[in-house]
Amino acid sequence: MPRSSAQDIQIKTPEQIELMRRAGLVVAAALNAMRAATAPGVSTGDLDAIAEQVIRDHGAVPSFKGYHGFPASICASVNEQVVHGIPSASQVLREGDLLSLDCGAILDGWHGDSAITIGVGETDPALLRMAEVAEDAMWAGIAAAARGAANGRGRLTDISFNVEKTVRKAAARYGIVDGYGGHGIGTEMHQDPHVLNHGKPGKGPRLVPGMCLAIEPMITMGSPRTQELSDGWTVVTRDGSMAAHVEHTMALLEDGVWVTTAPDGGRARLGELVTARQPALAE
């Protein structure tokens, strides 16, 4: 498989990206099932079981389970937990919680990876707005990648710059978590390059067709500083402020971008930036 000389970046063929799309749709189905099941009184362990069942019913396997010893099929991060929260039967969701669900699946050797942040029951609108800003920032980064690949001038940090710009333009002052970010993805869940959620544009490897990336902003209501808990996985905000985490897997093709973990391929948010391989939305 071709590799970029700038870093050890795996360049995929259109046919391989089609396979990644299949894995991405499995992830989307699992996230939709968990979204529908989320309610006060439901445990994060319950949601983990739902996701694993959906993934396996589609003939796929969970990317996360057993990854460097991770014990579950999803990451479920509640309130001040930023990422990598371990789901548990004892962690029962309450009205007003903010929940980030991160899910990955492997189908025929190819990975999909996506995350959502949602409220549990009636949730503070300010928290939902933070999740919305994170999502807007993610889409801004994806759009920048699509435009940069199309004009031949795009660089990796154009994504980072547009994620940060969208967060900074929001009315509230959110922290952008440092040290964690997006990544290349393909035959492994985490590949080169690392994709920061902040930075100056015009730096890093060129954005070219065949490059597949997971774009994942993580923002907080307070300080961006984090710490890892003693379980060796769960990352929390140091000041206890609430956090949001969203993610999509995207692939660059000759004629546009394909958000492989979005059911519509990204068409609703990106319009004509999306490849013709993704069918247009029904009227």
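Heads up: the structure comes first, above all this text.
So, how was this worked out
- Residues numbered from 1 in each chain as written.
- Predicted model: local features only at pLDDT ≥ 70, side-chain atom pairs only at ≥ 80, totals over all residues.
- Heavy atoms only, no water.
- Pairing = 2+ DSSP bridges.
- Helix = DSSP H or I, 4+ residues; strand = E, 2+ residues; numbered from the N terminus.
- Core = buried A, V, L, I, M, F, W, Y, C linked by side-chain atoms within 4.5 Å.
- Buried < 20%, exposed > 50% of the residue type's maximum accessible area, 1.4 Å probe, protein only.
- Contact = heavy atoms within 4.5 Å.

Would you mind going over the sheet that holds strand β8 (residues 175–176) with me for this structure?
Consider a sheet: its strands pair through backbone hydrogen bonds, and that pairing is either parallel or antiparallel. Across the sheet, 3 strands lie side by side as β8-β12-β15; this open sheet has antiparallel pairing. The strands lining the two open edges of the sheet, one partner per strand, are β8 and β15 (243–245). Here 2 bridges tie β8 to strand β12 (residues 218–220), and the two strands are oriented antiparallel to one another. Bridge pairing in β12 links Gly175 to Thr220.

So what exactly am I meant to see when it comes to the nonpolar core here?
A general trend in soluble globular proteins is that nonpolar side chains are found buried together. Core analysis: the largest hydrophobic core is formed by 38 residues, its most contacted members being Ile142, Ile159, Leu207, Leu213, Ile215 and Ile219. Secondary-structure elements contributing two or more residues to this core are α3 (125–151), α4 (156–169), β11 (212–215), β16 (248–253) and β17 (256–259). The biggest single contributor to this core is α3, with 13 residues. Non-local contacts of Ile215, meaning those with residues more than four positions away in its chain, are made with Met138, Ile142, Ile159, Val163, Val195, Val246, Glu247, His248 and Met250. Grouped together as the second largest cluster of nonpolar side chains are 24 residues, Val27, Ile55, Leu93 and Leu99 included.

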